[in-house]
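Examining the three-dimensional arrangement
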Amino acid sequence: MSGHPDVLPWLRAADPSTAYLAARDLEDHDDPVLRSAIADSGVGAALLGYRRSDGHWGSGFALPQWTSTHDTVLELAGLGLDPGDPRATSSVRMVLEAPRCADGGLRVSPTAHRSDVCINGMALTYCSRFGAQTPLLAGLIDAILAERMADGGFNCRSTRSGATHSSVHSTTSVIEGFTAYLSAGHPYRADEVAGARAEAIEFLLVHRLFRSHRTGQVIRPEFTRLHHPARWRFDVLRGLDAVTAAGVVADERLSDGLDVLRRRRRADGRWAGARGYPGATHVEYPASREPNPWITVIALRILRRVGVD
């Protein structure tokens, strides 16, 4: 599937996480031995090494940006860390058992009165991945579903500045969270979650992922560049991964994004990333314009899902 015979060996050697993801997503081999190695060396082990004795990273749940508990556990989920890893599962439980906002969502700060739908969507992703039980997720589901907008998507600014049009950032975060929740088999409001996910995907497709629905122009040039980790920000790689992971693989409106992905493929079959988002991080990934194994494995699994090379 890689198209270049040396790409898969390169992914296997780059980091335990890319070795596992390549086996799982490109070769249909969910290898527990490869998965367990993520916690022992490479990027996954480095992130786990920053975990404090109280179960948090950074300064607590959501601060500082990129090195907080929220951001780090999300990053670990994306790397494919074993869903039963006791450090991840206990930190997730601690997050979910902390005092909530009145809407049932997570409290970003002690003074927050309303939760943030983008934070809730991302948290739903990693909490579902790391084995959270349905009763602890019910409040997140209630809070997210209550934030559906008329256009089918979501926007964290709707409760802060009165935004009336959905955001591709927030909508993608929620799609990912809904997919993780449904994949884990949680029954609570599952039919409503599936319906809301379909509407959110339609919002992205109306925009052909990254274009204005009014003019057809690219919303932001940064949306057509590739990043890892994407964190809360949207780009075409993240959008394609979220939509195709939800099972939408044959819609013609994916074609613009797929064209961008194919154009950004290097002659050696690898993909490079754009400059990372500003802010301190726990670990460094390959610099911009250098071959990036995480971006490469994500791009290849997208192309595999849609049946193109």
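Described in the following lines is the structure provided in the data block. Computed from a predicted model, the values in this text were never measured in an experiment. (Residues numbered from 1 in each chain as written. Predicted model: local features only at pLDDT ≥ 70, side-chain atom pairs only at ≥ 80, totals over all residues. Heavy atoms only, no water.)

1. Examining the pattern of salt bridges
Applicable threshold: We define a salt bridge as a side-chain nitrogen of Lys or Arg found within 4 Å of a carboxyl oxygen belonging to Asp or Glu. Under the scheme used here, helices are H or I runs from DSSP no shorter than 4 residues and strands are E runs no shorter than 2 residues, and both carry numbers assigned from the N terminus. Three labels apply to residues, based on accessible area from a 1.4 Å probe with only protein chains included: buried if under 20% of the type maximum, exposed if over 50%, partly exposed otherwise in between.
Here the structure, examined in full by the defined rule, presents 24 salt bridges. Note that Arg 253 is salt-bridged to Glu 202, the shortest N-O span being 2.9 Å. With a gap of 51 residues between them, Arg 253 in the loop between helix H11 (236-245) and helix H12 (255-263) and Glu 202 in helix H10 (residues 190-206) connect regions that are remote in the sequence. For Asp 241, the salt bridge identified is with Arg 301, shortest N-O distance 2.8 Å. Of this pair, Asp 241 sits in helix H11 while Arg 301 sits in helix H13 (residues 293-306), and the two are 60 residues apart along the sequence. The two residues Asp 241 and Arg 301 agree in class, both being buried. Residues joined by salt bridges that share partners form a network here, namely Arg 24, Asp 25, Asp 241, Arg 301 and Arg 305.

2. Regarding the layout of surface pockets
Unoccupied space between atoms shows up once a probe the size of one water molecule is rolled over them. Our working rule: Cavities and pockets were defined on a 1 Å grid built over protein atoms only: a cavity is a set of grid points that admits a 1.4 Å probe from which the probe cannot escape, a pocket is an open set flanked by protein on both sides within 12 Å along at least five of seven lines, and lining residues are those with an atom within 4 Å of any such point. Grid points are joined across faces, edges and corners, and a volume is the space filled by probe spheres set on the points. Ten residues, namely Ala, Val, Leu, Ile, Met, Phe, Trp, Tyr, Cys and Pro, are considered nonpolar, four, namely Asp, Glu, Lys and Arg, are considered charged, and the remaining ones, Gly among them, are considered polar.
Empty space within the largest pocket amounts to approximately 1,100 Å³. Forming the boundary of the largest pocket are 40 residues, of which Ala 77, Gly 78, Thr 125, Arg 129 and Arg 301 lie nearest the centre. Elements supplying a minimum of two residues to the lining of the largest pocket: helix H2 (16-26), helix H5 (69-79), helix H7 (117-129), helix H9 (168-183), H11 and H13. Here the residues of the lining of the largest pocket sort into 18 nonpolar, eight polar and 14 charged. As a volume, the second largest pocket reaches approximately 760 Å³. Looking at the second largest pocket, it is lined by 33 residues, and the ones nearest its centre are Cys 156, Arg 157, Ser 167, His 169 and Trp 232. Every element with two or more residues in the lining of the second largest pocket is listed here: H5, H7 and H9. Its residues assigned to classes, the lining of the second largest pocket comprises 13 nonpolar, 13 polar and seven charged.

3. So, the packing of helix H8 (residues 134-145) against H9
For clarity, the threshold we go by: Angular values range over 0 to 180 degrees, each being the angle between N-to-C directions of two axes fitted as lines to C-alpha atoms, with helices fitted over their stretch in contact. In this scheme the crossing of two helices becomes right-handed for a clockwise turn of the near helix relative to the far one and left-handed for an anticlockwise turn of less than a right angle. For this analysis, residues touch if any pair of their heavy atoms sits within 4.5 Å.
Remark: H8 packs on H9, axes separated minimally by 12 Å, with the N-to-C direction vectors making an angle of 145 degrees. In this structure, H8 crosses over H9, and the sense of that crossing is left-handed. Between H8, through Thr 134, Leu 137, Ile 141, Ile 144 and Leu 145, and H9, the contact on the second element is made entirely by Val 174, Phe 178 and Tyr 181. The class makeup of the residues in the contact of H8 with H9 is seven nonpolar, one polar and no charged.

4. Structural notes on the nonpolar core
Counted only if it meets this: Within this scheme, the nonpolar core is defined by two criteria: the residues are buried Ala, Val, Leu, Ile, Met, Phe, Trp, Tyr or Cys, and they are joined through side-chain atoms within 4.5 Å.
Core analysis: the largest hydrophobic core is formed by 83 residues, its most contacted members being Leu 96, Tyr 126, Phe 130, Phe 178, Leu 209 and Leu 261. Of the residues forming this core, the biggest block, nine residues, is contributed by H13. In this view, Leu 209 contacts Val 168, Leu 204, Phe 234, Val 236, Leu 240, Val 243, Leu 254 and Gly 257; residues no more than four positions away in its chain are not counted.

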